[in-house]
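# Report on the structure
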Amino acid sequence: METPKLPKTLEVWQNTINWHPSESQQQRFQELYEIILIGNRQQNLTRITAPEDFWEKHLWDSLLGIAPLLKTDSTSIFEPNLPKNAKIIDVGTGAGFPGIPIAITNPHWNITLLDSTRKKIAFLARAIAKLQLQNTTTLLGRAEAIGQQSQHRENYDIAVIRAVGQPSVCAEYILPLVKVGGWGILYRGQWKEDDTLNLESALSKLGGKIKLIQPGKTPISQGIRHCIYIKKIIPTQSKYPRAVGIPHQQPLK
Ligand code: SAH
């Protein structure tokens, strides 16, 4: 069966995140879509398979969080301390979101896709090879264990995380991996004042600080989104992340 074509939505990209993909990036998105649909026949990768849904909830949404970095007008909150060849880790990447779209659009960054499910990592390794994404590697493991390994701890300029757990759990997974001066980006849907207070309290233990809470809406279905930009200001104490399972069972308060 022929893979359906993704919508060509250059104006929508431009009007919403002030950026649009090149012709070759659009081709890569289409290839990724095909790889995911084929992979979905063998394993449960995603329920989001219709072309418009895939475009909105996987492609557009994946790039929303890094939109301030794609803009060329340089009013970005990240300036000026992000190196050109920045190291990015996507924690709990699943079928590769938001990590793969980020890798396709930022060939000069080095992207690590981390997940604890062996089958997903095996799929991602094949997907990366097919897409010829030379800037992307996979990593199998639990964020709690990887965050304690010296080759990964405080080694990344940016850590992104989408749909993995509640905010303070996500913060405990990602902050240990981020360099001092680097950023954690939480991809969230709804966001309430209480979420801010809880997250701030967890971040005071992890060495981070919320710099920006950016509300948004998805362009087709008008779904609520919030991107939470956390700056790492001091090193994370060695007791974090706690042992495998603990952050989820006893979230930091
Ligand atoms: N980020 C993707 C997938 C979300 S599903 C998306 O937004 O589409 C959550 C994924 O996180 C699963 O693939 C699961 O295997 C992984 N995961 C959950 N807890 C984890 C942990 N502690 N360390 C690493 N990966 C984890």
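For the structure, see preceding data.
Notes on the structure in this doc start here. (Residues numbered from 1 in each chain as written. Predicted model: local features only at pLDDT ≥ 70, side-chain atom pairs only at ≥ 80, totals over all residues. Heavy atoms only, no water.)

Let us look at the packing of helix 2 (residues 23-42) against helix 6 (residues 118-131). Orientation of helix 2 relative to helix 6, taken along the N-to-C sense of each, is 145°, at an axis distance of 11 Å. Considering how the two elements wind past one another, helix 2 and helix 6 form a crossing that is right-handed. Packed against helix 2, whose contacting residues are Arg28, Glu31, Leu32, Ile35, Ile36, Gly39 and Gln42, the element helix 6 presents Lys119, Phe123, Ala127, Lys130 and Leu131 at the interface. Grouping the constituent residues of the contact of helix 2 with helix 6 by class yields 6 nonpolar, 2 polar and 4 charged. (Axes fitted to C-alpha atoms, helices over the stretch in contact; angles between N-to-C directions. Helix = DSSP H or I, 4+ residues; strand = E, 2+ residues; numbered from the N terminus. Left-handed = near helix turned anticlockwise from the far one by under 90°. Contact = heavy atoms within 4.5 Å. Nonpolar A, V, L, I, M, F, W, Y, C, P; charged D, E, K, R; others polar.)

It is worth spelling out the state of the cysteines at this point. Going through the model one piece at a time under the given rule, you end up with 0 disulfides. For Cys170, which is in no disulfide, the shortest distance to another cysteine sulfur is to Cys227 and amounts to 13 Å. Looking at Cys170, the relative accessible area reads 1%, which means it is buried. (Disulfide = S-S within 2.5 Å. Buried < 20%, exposed > 50% of the residue type's maximum accessible area, 1.4 Å probe, protein only.)

Another point: the sheet that holds strand 2 (residues 110-115). Strand order in the open sheet formed by 7 strands is 3-2-1-4-5-7-6, and the pairing between neighbours is mixed. Two strands lie at the open edges of the sheet, namely strand 3 (136-140) and strand 6 (208-217), each paired on one side alone. Across the sheet, the mean angle from the axis of one strand to that of its neighbour is 20°, orientation sign disregarded. Pairing of strand 4 (residues 156-162) with strand 5 (residues 178-188) involves 6 bridges; the strand directions are parallel. Bridge pairing in strand 5 places Arg162 opposite Tyr187. The sheet strands contacting helix 8 (residues 167-174) are strand 1 (87-91), strand 4 and strand 5, and the helix crosses strand 5 at an angle near 145°. (Pairing = 2+ DSSP bridges.)

Now for the site of the ligand. Around the ligand, the structure places 16 residues, and the nearest of them are Gly92, Phe97, Asp115, Ala143 and Arg162. Contact distances for the ligand include 2.8 Å between a nitrogen atom and a backbone N or O atom of Gly92. Within the backbone of Phe97, a nitrogen or oxygen atom sits 2.7 Å from a nitrogen atom of the ligand. Considered on its own, the ligand offers 580 Å² of accessible surface; in the complex 81% of this is hidden by protein. A breakdown of the residues in the shell around the ligand according to their chemical character gives 5 nonpolar, 6 polar and 5 charged. (Near = heavy atom within 4 Å. Polar contact = N/O pair within 3.5 Å; in protein donor to acceptor, adjacent residues only side chain to side chain. Areas by Shrake-Rupley, 256 points an atom, 1.4 Å probe, with all protein chains shown as cover.)

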